[in-house]
Amino acid sequence: MGIADKWYGTAAANFEQLDGGICAVPGVRAAGVAAGLKPSGALDVAVVDIGRPVDVAVLQTTNQVRAAPVEVTARHAADGRARAVVLNAGNANACTGPDGTAVAVDTATHAAQLLGCDATDVLVCSTGVIGRPLLADRDRLLAGVGEAIASAAATGIGADAAARAIMTTDTVPKSVGVRAADDEGSCTIAGFAKGSGMIAPAMATMLCVVVTDAPVAARILRPLVRQVVDQTFGRISVDGCQSTNDAVIVFASGGAERPPGISSFTHGLTAVLGELAEQIVRDGEGATKLVRLRVTGARSGTDAAALGHAIAGSALVRTAFAGGDPNWGRMLAAMGASSVPFEPDRVHVRFGPITVCRFGVGASFDPGQAEAVLAQPEIDATVDLGLGSAQATVLTCDLTHEYIAINAEYTT
């Protein structure tokens, strides 16, 4: 399945996949270093530098509990301009009071001094354990920022190091780059993300940085990013848990000489965020299976997405996927517990090509064939409501013993 015909629906666009991660965008420098914030000694501080203040759009967590860097970044991005972002892993700097805010401000100020820009042109992000003071590691963090800025390079190596430096329970770095083109011209869009657990539709526990050389003003970029996030990161769930630190940051440098039309750019941004969203679900904590929940025949796309999320949010459904059990009744029960009205006696359910429920009751099917479908590492499950023509796809994964082990011991 190519990048242009995936679940997020960009089949009409003309894409070329690119190597080099976020540094595939001309003029972007990146780095990741080990500052000693992670007990493992792994990379834990990343910098992405665009080279000058450019248009930016930032979408952040809707959690009422917001980490210090979330608040600082919101203030710095309010004018729609920024040059760089500094990210650290190993400590979320959330629920850390005034000291946490001071560290976030110091991080931006220190980076700005080294880059030769205003502190408000530097955004900051953190990820890791909530509630642990970062003040004691302030000097390590700032030293790491200095090292990262000094070593930042416009190379795939720098981009990969940055993507690795923000990993927490992630097992692999997540990045993608594309060139989107049409008759008007082309642009490059590339980025990286982190996320493996605490992934919910309302932004997930993820950090995502994207850069494009398309000239898109912040007043246009902001609503466009929100729209695309709704279609991509807003359609995934690993565990239904929302983080205090989420941020999607999109820089638009405007360096493309002949950019494509806004429609092609939007398709390209959707492809990049959609690919990163899928990579997050594939790397879900303890996950062994990627599940595409496709709800069709809905009265509206909103209804379809909401019912998809209801199914994806059910621990009973996801444990059934883990065990390869074709227990379709759990899916209908999850839908019925939602606030979206539908008619159960119109519902059909399929696992791959196997119809297991027809008109709201069990269909005649070979359990062995259904179990074979559910044993695959990628599962397509379709729920047809029989009410209209709207549809939506939500990505989730199975819920395994490993998820419990990871999260039972996360802070110890």
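Computed from a predicted structure; not experimentally measured.

(A) Up close: the pairing of strand β9 (residues 247-252). Within β9, six of the six residues are buried, which leaves it mostly tucked inside the rest of the structure. The alternating pattern of β9 places Ala247, Ile249 and Phe251 on one face and Val248, Val250 and Ala252 on the opposite face, and all of these are buried. Sheet topology note: the strand β3 (residues 45-60)/β9 ladder contains six bridges and is antiparallel. Of the residues in β9, the one forming a bridge with Gln60 is Ala247.

(B) Structural detail: the layout of surface pockets. A volume near 430 Å³ is recorded for the largest pocket. Lining the largest pocket are 20 residues, with Leu37, Lys38, Pro39, Gly90 and Val129 positioned closest to its centre. The residue inventory of the lining of the largest pocket, partitioned by class, reads eight nonpolar, eight polar and four charged.

(C) Structural detail: the pattern of salt bridges. In this structure the tally under the stated criterion is 17 salt bridges. Linking Lys174 and Asp170 is a salt bridge whose minimum nitrogen-to-oxygen distance equals 2.7 Å. Classification of Lys174 as buried rests on a relative accessible area of 0%. Note on Asp170: relative accessible area 7%, which makes it buried. Salt-bridge contacts for Arg292 lead to Asp380; the nearest nitrogen and oxygen are separated by 3.4 Å.

(D) Highlighting unusual backbone geometry. With a phi close to 50 degrees, Asn93 is a non-glycine residue in the positive phi region. In this fold, Asn93 is placed in the loop between β4 (81-89) and α2 (97-115). For Asn93, a relative accessible area of 1% puts it in the buried group. At Phe359, a position not held by glycine, the phi torsion is positive, near 55 degrees.

(E) A look at the packing of aromatic side chains. Enumeration according to the criterion identifies one aromatic pair in this entry. Here the aromatic rings of Phe321 and Phe351 are separated by 6.1 Å at their centres, their planes lie at 75 degrees, and the arrangement is edge-to-face. Note that Phe321 is positioned in helix α8 (residues 315-323) and Phe351 in strand β11 (residues 348-351), a separation of 30 residues in sequence. Comparing Phe321 with Phe351, the two get one shared label, buried.

So, how was this worked out
Residues numbered from 1 in each chain as written. Predicted model: local features only at pLDDT ≥ 70, side-chain atom pairs only at ≥ 80, totals over all residues. Heavy atoms only, no water. Buried < 20%, exposed > 50% of the residue type's maximum accessible area, 1.4 Å probe, protein only. Helix = DSSP H or I, 4+ residues; strand = E, 2+ residues; numbered from the N terminus. Pairing = 2+ DSSP bridges. 1 Å grid on protein atoms, 1.4 Å probe; cavity = no way out; pocket = protein on both sides within 12 Å on 5 of 7 lines; lining within 4 Å. Points joined across faces, edges and corners; volume = space filled by probe spheres on them. Nonpolar A, V, L, I, M, F, W, Y, C, P; charged D, E, K, R; others polar. Salt bridge = Lys/Arg side-chain N within 4 Å of Asp/Glu carboxyl O. Phe/Tyr/Trp six-rings, centres within 6.5 Å; stacked < 30°, edge-to-face > 60°.

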